[in-house]
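# Analysis of the macromolecular model
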Amino acid sequence: MPEIKITPLGAGQDVGRSCILVSIGGKNIMLDCGMHMGYNDDRRFPDFSYITQNGRLTEFLDCVIISHFHLDHCGALPYMSEMVGYDGPIYMTHPTKAICPILLEDFRKITVDKKGETNFFTSQMIKDCMKKVVPLNLHQTVQVDEELEIKAYYAGHVLGAAMVQIKVGSESVVYTGDYNMTPDRHLGAAWIDKCRPDILISESTYATTIRDSKRCRERDFLKKVHETVERGGKVLIPVFALGRAQELCILLETFWERMNLKAPIYFSTGLTEKANHYYKLFITWTNQKIRKTFVQRNMFEFKHIKAFDRSYADNPGPMVVFATPGMLHAGQSLQIFKKWAGNEKNMVIMPGYCVQGTVGHKILNGQKKLEIEGRQTLEVKLQVEYMSFSAHADAKGIMQLIRMAEPRNILLVHGEAKKMEFLKDKIEQEFSVSCYMPANGETTTIVTNPSVPVDISLNLLKREMALGGPLPDAKRPRTMHGTLIMKDNSLRLVSPEQALKELGLSEHQLRFTCRVQLHDPHSDTDTLGRIYTHLKSVLKSYSIQHVPDGTVIVESIVIKVTSSAEEPNLKAILLSWSYQDEELGSFLSTLLKKGLPS
């Protein structure tokens, strides 16, 4: 039986370092190639030695697909393609292709220029890696080769994020990447066809969460920011440069305008100006409202939000600062946090998920003393708030997507083991399908039952209906008899007469014959009459005829009796039947071998 094999090299019962290997119909595909925010050693990147111990990856992989530009999904790409070695196609959407190299370069700068790490990819490697990228359009089927095709669907989450359907023959896999089932201020909700894949690989970051209404969360966020600013405090909002950042900027911009507030709002890093530039460029990927208002004004040109300068962090008085990165594991957000952490007037609002090992994760778990970079101890006095503006699907959203796609199996990645376990049980209960959650390096094998589509001729259907068969029903399989014609890669089931006509062939009858010997003291005619009576009593639902020419006919079966002059009591019973009545013919020959009732 054909099978699909799935092995996470990263994101198996973990968030971060997404990298999933899929083997389908003899093709090998790598889904995402990310880095882990919680590690600074070899564990930061996926273990590619799983694919091959030595040599390049090109001959082992047919293609690589990147779902979106977040570093836990694309951060290891230049390392994989340029340092380990891969020359095949890398597929991603247009916005991902534009934004990915900017984030990779920023990540390289922080790691190499600021932390002085050596075994790392260079700027040139990023450029060389991006030359291998093939851009994807939404809902466009792309032929990777003769057998393998892929198709991208809108995933919400961040600009350019896509879910991908992978097909080889009649087998298929859908990989969600990260997705969001609720539309927000700047992006629409994820959507997919009812494509019924053999397996759906879904993220499960918020596997046990059902979020309250978005409006309540936004009100709460604005209230906390407003209160802190009113009492002269500073608010730090660590974000990743794209995604939640734009969402929260639009929210604060409209609130500041409405309330006529004067406290400054800053956005750190030149990255964001570039980010906003791409939002304008890829306006079609945003939601309906932004596309509509874009003609009158650009939602991404902010009146109240200004670029941040490092020296501003020491300015007296209230301010709100958006700084990258979002988990406080490095960069400007961590520098500002260290300056502001000692003052209880200040506040840090964590708007998204934090991976274990990051400063963000530690302070959310109530840690009051932090060891920063192994040297200084930092006392945390400022207020710490967590508000999920995360653009991931919650438990309800994951169930909604399953209902949409109707997969035959489900595999969970990008989540914590305990939460996955809970969701796995819920999915199996509600949908009666198998759900898997492999750890990194563990392979899940799905046996597929590929269906081969066949066109049925109208004449054959009409004939079936005339015989009083039930009406065709997609959910109830039934057997159809006909001739299968294969032509130009398509299959058709037609009536034998139509097949003979189309192929210019003449019909031949194929009949089976069988001889049964029987001791019976009566004449041949009487023996035949006794056979007729015996069959009438045994085969009550069949039409049985005793024909004057000395034969008995049951359906297409013909029965004759002969004997020789030397042994008139030894009768030879001849049975002959067409292939349609093979079962009945075998049954009759066995019955007659047992003899006739006296």
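Here goes a summary of the coordinates provided. (Residues numbered from 1 in each chain as written. Predicted model: local features only at pLDDT ≥ 70, side-chain atom pairs only at ≥ 80, totals over all residues. Heavy atoms only, no water.)

## Quick word on the overall build of the protein chain
Secondary structure summary: the protein chain contains 16 helices and 30 strands in total. The C-alpha atoms of the protein chain give 36 Å as radius of gyration, which overshoots the globular expectation for 598 residues (25 Å, by more than 25%). With the C-alpha coordinates of the protein chain rotated into their principal frame, the extents come out at 130 × 55 × 45 Å. Here the protein chain, with 598 residues, has 51% of them falling under the buried criterion. Contacts in the protein chain between residues far apart in sequence, at least 24 positions, make up 70% of those at least 6 positions apart. Here the protein chain displays about 28,900 Å² of accessible surface, and carbon together with sulfur accounts for 51% of that area. Across the protein chain, the centroid of the 72 positively charged side chains sits 8 Å from that of the 68 negatively charged ones. (Helix = DSSP H or I, 4+ residues; strand = E, 2+ residues; numbered from the N terminus. Rg over C-alpha atoms; globule rule 2.2 N^0.38 Å. Buried < 20%, exposed > 50% of the residue type's maximum accessible area, 1.4 Å probe, protein only. Contact = heavy atoms within 4.5 Å. Areas by Shrake-Rupley, 256 points an atom, 1.4 Å probe, with all protein chains shown as cover. Lys, Arg positive; Asp, Glu negative; His and termini not counted. Charge placed at Lys NZ, Arg CZ, Asp CG, Glu CD.)

## Here's the deal with the pattern of salt bridges
Overall, the coordinates contain 27 salt bridges when judged by the stated rule. Note that Arg44 and Glu117 form a salt bridge whose closest N and O atoms lie 3.0 Å from each other. With Arg44 in the loop between strand 3 (27-31) and strand 4 (63-65) and Glu117 in the loop between helix 3 (94-114) and helix 4 (123-130), the pair connects residues that are 73 residues apart, well separated along the chain. When its relative accessible area of 21% is taken as the criterion, Glu117 is described as partly exposed. Note that Glu385 is salt-bridged to Lys224, the shortest N-O span being 3.9 Å. Remark: Lys224 occurs in helix 5 (residues 214-230) and Glu385 occurs in strand 19 (residues 383-386); sequence separation between them is 161 residues. Neither Glu385 nor Lys224 differs from the other in exposure class; each is buried. (Salt bridge = Lys/Arg side-chain N within 4 Å of Asp/Glu carboxyl O.)

## Quick notes on the nonpolar core
Core analysis: the largest hydrophobic core is formed by 127 residues, its most contacted members being Met30, Ile201 and Phe337. It is helix 3 that provides the largest number of residues to this core, a total of seven residues. Setting aside anything within four residues of it in sequence, one finds Phe337 in contact with Leu236, Leu328, Val348, Val359, Ile363, Leu370, Leu378, Val380 and Leu382. The next biggest cluster of nonpolar side chains, apart from the first, holds 29 residues, and it includes Val239, Phe267, Val320 and Met387. (Core = buried A, V, L, I, M, F, W, Y, C linked by side-chain atoms within 4.5 Å.)

## Here we look at the sheet that holds strand 13 (residues 265-267)
Strand order in the open sheet made by the six strands is 14-13-15-12-16-19, with parallel pairing throughout. If you trace the sheet from one side to the other, it starts and ends with strand 14 (305-307) and strand 19, each paired once. Sheet twist, expressed as the mean angle between neighbouring strand axes with direction ignored, is 25 degrees. Bridge analysis of strand 16 (residues 347-350) against strand 19 gives four bridges, and the strand direction is parallel. When the sheet's bridge partners are listed, Val348 is paired in strand 19 with Val384. Strand contacts of helix 6 (residues 244-259): strand 12 (234-238), strand 13, strand 14 and strand 15 (319-323), with the helix running at about 165 degrees to strand 15, the strand carrying the most contacts. (Pairing = 2+ DSSP bridges. Axes fitted to C-alpha atoms, helices over the stretch in contact; angles between N-to-C directions.)

## What about a nonpolar patch on the surface?
A cluster of nonpolar side chains, contributed by Val452, Val454, Ile456 and Leu484, occupies part of the molecular surface with about 330 Å² of accessible area. Relative to the elements of secondary structure, Leu484 occurs in strand 24 (residues 483-487). (Patch = residues over 30% accessible without salt bridge, like charges linked within 9 Å, V, L, I, M, F, W, Y side chains within 5 Å.)

## Comments concerning the sheet that holds strand 27 (residues 544-547)
Spatially, the five strands line up as an open sheet ordered 26-30-29-28-27, and their pairing is antiparallel. Each having just a single partner strand, strand 26 (511-519) and strand 27 make up the two edges of the open sheet. Within the sheet, the average angular offset between the axes of one strand and its neighbour, ignoring direction, is 20 degrees. The sheet contact formed by strand 28 (residues 551-554) and strand 29 (residues 557-563) spans three bridges and is antiparallel. Each residue of the ladder has a partner; that of Val554, found in strand 29, is Ile557. Across the sheet, helix 15 (residues 524-538) lies against strand 27, strand 28, strand 29 and strand 30 (570-578), angled at about 145 degrees from strand 29, the strand it touches most.

## Focus on the packing of aromatic side chains
Aromatic ring pairs: the centre-centre distance and the angle between the two ring planes describe each pair. Applying the stated criterion to the full structure yields 16 aromatic pairs. An angle of 70 degrees between the planes, with centres 5.3 Å apart, marks the rings of Phe221 and Phe389 as edge-to-face. In this pair, Phe221 is assigned in helix 5 and Phe389 in the loop between strand 19 and helix 11 (395-405), connecting sequence segments 168 residues apart. Comparing Phe221 with Phe389 shows no difference in burial state: the two are buried. Three or more aromatic residues link up through ring pairs in this structure, and these residues are Phe45, Phe48, Tyr79, Phe107, Phe120 and Phe121. Taking the ring centre of Phe45 as reference, the NZ or CZ of Arg44 above it sits at 5.9 Å. (Phe/Tyr/Trp six-rings, centres within 6.5 Å; stacked < 30°, edge-to-face > 60°. Lys NZ or Arg CZ within 6 Å of the ring centre and 35° of its normal.)

## So, unusual backbone geometry
For the peptide bond that leads from Thr324 to Pro325, omega is -5 degrees, which places it in the cis range. Along the polypeptide, Pro325 turns up in the loop between strand 15 and helix 9 (331-340). In this model, Leu328 sits at a positive phi of 60 degrees, which is unusual for a non-glycine residue. By secondary structure assignment, the location of Leu328 is in the loop between strand 15 and helix 9. Located in the positive-phi region is Glu555, a residue other than glycine, with phi close to 55 degrees. Relative to the assigned elements, Glu555 resides in the loop between strand 28 and strand 29. Judged by its relative accessible area of 42%, Glu555 is partly exposed.

## Quick notes on the state of the cysteines
With the rule as written, the count across this model stands at zero disulfides. Just so you know, Cys100 is unpaired, no disulfide at all, and the nearest cysteine sulfur is the one on Cys74, 3.3 Å from it. On the basis of relative accessibility, which here comes to 0%, the residue Cys100 falls in the buried class. We note that Cys435 lacks a disulfide partner, and the nearest cysteine sulfur, in Cys195, lies 17 Å from it. Judged by its relative accessible area of 3%, Cys435 is buried. (Disulfide = S-S within 2.5 Å.)

## Structural notes on the packing of helix 5 against helix 6
Orientation of helix 5 relative to helix 6, taken along the N-to-C sense of each, is 60 degrees, at an axis distance of 11 Å. The angle between the axes of helix 5 and helix 6 places the two elements in the oblique class. Seen from above, helix 5 lies across helix 6 with right-handed handedness. Residues Lys214, Glu218, Phe221, Leu222, Val225, His226 and Val229 of helix 5 form the contact with helix 6, whose own contacting residues are Glu247, Leu248, Leu251, Leu252, Phe255, Trp256 and Met259. (Parallel < 35°, antiparallel > 145°, perpendicular 65-115°, else oblique. Left-handed = near helix turned anticlockwise from the far one by under 90°.)

## Some words on the packing of helix 11 against helix 12 (residues 417-431)
Two numbers describe how helix 11 lies on helix 12: the axes approach to 11 Å, and their chain directions differ by 35 degrees. Between helix 11 and helix 12 lies a crossing whose hand is right-handed. Mapping the contact onto sequence places Ile398, Met399, Ile402 and Arg403 in helix 11 and Leu423, Lys426, Ile427, Glu430 and Phe431 in helix 12. Here the contact of helix 11 with helix 12 is built from residues that sort into six nonpolar, no polar and three charged. (Nonpolar A, V, L, I, M, F, W, Y, C, P; charged D, E, K, R; others polar.)

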